[in-house]
Amino acid sequence: GQQVMQIPQYQHVQEGEDFTTYCNSSTTLSNIQWYKQRPGGHPVFLIQLVKSGEVKKQKRLTFQFGEAKKNSSLHITATQTTDVGTYFCAPDQTGANNLFFGTGTRLTVIP
Amino acid sequence: DAGVIQSPRHEVTEMGQEVTLRCKPISGHDYLFWYRQTMMRGLELLIYFNNNVPIDDSGMPEDRFSAKMPNASFSTLKIQPSEPRDSAVYFCASSLDIRSGELFFGEGSRLTVL
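To start, this report covers the structure provided alongside it. Nothing here was measured: the structure is a model prediction, and the numbers come from that model.

**What to know about the state of the cysteines**
And step 1. Enumeration over the complete set of coordinates arrives at two disulfides over all chains.
And step 2. Bridging cysteine 23 of chain A to cysteine 89 of chain A, the disulfide has an S-S length of 2.0 Å. Between cysteine 23 of chain A and cysteine 89 of chain A, the S-S dihedral sits near 55°, and the bridge is therefore right-handed. Here cysteine 23 of chain A is found in strand E3 (residues 19-25), whereas its partner cysteine 89 of chain A is found in strand E9 (residues 85-92), with 66 residues between them in sequence. Of the two residues, cysteine 23 of chain A and cysteine 89 of chain A, both sit in the buried class.
And step 3. Shown here is the disulfide that connects cysteine 23 of chain B with cysteine 92 of chain B, its sulfur atoms set 1.9 Å apart. Here the S-S torsion is close to -70°, and the disulfide linking cysteine 23 of chain B with cysteine 92 of chain B is therefore left-handed. Linking cysteine 23 of chain B in strand E3 (residues 19-24) with cysteine 92 of chain B in strand E9 (residues 88-95), this pair joins segments that are 69 residues apart in sequence. The exposure classification of cysteine 23 of chain B matches that of cysteine 92 of chain B, with both residues buried.

This is how it looks when you write it as structure tokens:
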């Protein structure tokens, strides 16, 4: 089965503080995707990382793929209330698909 | 584009009743997925179809659950008989490509079984 840990499970931050969530695998990944789900909403695709050591940015969001392709992180700089939600990683462990999601990190931003 | 359309958005039913959830994928997407989300188990893949054919149903909980895709624009997930532990949000998603393909999720169907 999937052996992927996503940490932390929950994170409360003051607005303006930074936030990071991690997705760690026991096996080498082909690629990894990240999704965001707003409270009461549905998961929405954010990005896909493929290459070892890859770093991608989307405004205040920075996504990294580890050199060994076993872990990934999503970092948000200066959080805003619009960042509230649950962030999921969807790693491809088999080279076949990204259909299995991590447990998610629920972010709460305190105004 | 209308996106993935699911119905009903909310369903409240009594234990033992049959529940049918419906999904219309994005036109042109060859893959359709059914997920279930609960606090305890997170986001679980139940089944997925490719070109209307079920490919992997290993996530379907038990025989009470069944899914069909009679054509490229419609799929159903049926629970008969329903039980309180089936209460969850059921998402349908579609995709152009299963390998590294972005999943497009519907708004979900929130099911409550009393």
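**Some points on the pairing of strand E6 (residues 55-58) of chain A**
Successive residues of a regular strand alternate their side chains across the two faces of the sheet.
Residues and elements named next belong to chain A.
And step 1. Bridge analysis of E6 against strand E7 (residues 61-65) gives four bridges, and the strand direction is antiparallel. Note on E7: the bridge partner recorded for glutamine 58 is leucine 61.
And step 2. Connecting the antiparallel pair E6 and E7 is a turn made up of two residues, with lysine 59 showing a positive phi of about 55°.

**Remarks on the pattern of salt bridges**
When the charged atoms of two side chains with opposite charge come close together, those side chains can pair.
Residues and elements named next belong to chain B.
And step 1. All chains considered together, the criterion is met by 10 salt bridges over all chains.
And step 2. A salt bridge links arginine 41 to glutamate 44; the shortest N-O distance between them is 2.8 Å.
And step 3. Owing to a relative accessible area of 58%, arginine 41 belongs among the exposed residues under this scheme.
And step 4. Glutamate 44 sits in the buried class, given a relative accessible area of 14%.

**Section: the sheet that holds strand E1 (residues 4-7) of chain A**
Hydrogen bonds between backbone groups are what pair the strands of a sheet, and the pairing can be parallel or antiparallel.
Residue and element names in this part refer to chain A.
And step 1. Strand order in the open sheet made by the five strands is E1-E3-E8-E7-E6, with antiparallel pairing throughout. Sheet topology places E1 and E6 at the edges, where each strand pairs with a single neighbour. Each strand axis lies, on average, 10° off the axis of its neighbour in the sheet, ignoring direction.

**Observations concerning the interface of chain B and chain A**
And step 1. Across the contact, 17 residues belong to chain B and 19 residues belong to chain A.
And step 2. Regarding the contact of chain B and chain A, the summed buried area is about 1,500 Å², with carbon and sulfur atoms giving 55% of it.
And step 3. When the buried surface of chain B facing chain A is broken down by residue, Leu43, Ser100 and Phe105 of chain B rank first, second and third, together holding 30% of it.
And step 4. For the pair chain B and chain A, the number of links is five residue pairs in polar contact (both at pLDDT 80 or more).

Criteria and thresholds
- Residues numbered from 1 in each chain as written.
- Chains lettered and ligands numbered in written order.
- Predicted model: local features only at pLDDT ≥ 70, side-chain atom pairs only at ≥ 80, totals over all residues.
- Heavy atoms only, no water.
- Disulfide = S-S within 2.5 Å.
- Helix = DSSP H or I, 4+ residues; strand = E, 2+ residues; numbered from the N terminus.
- Buried < 20%, exposed > 50% of the residue type's maximum accessible area, 1.4 Å probe, protein only.
- Pairing = 2+ DSSP bridges.
- Salt bridge = Lys/Arg side-chain N within 4 Å of Asp/Glu carboxyl O.
- Axes fitted to C-alpha atoms, helices over the stretch in contact; angles between N-to-C directions.
- Contact = heavy atoms within 4.5 Å.
- Buried area = accessible area lost by both parts, 1.4 Å probe.
- Polar contact = N/O pair within 3.5 Å; in protein donor to acceptor, adjacent residues only side chain to side chain.

Function cannot be read off these values alone, since they describe shape.
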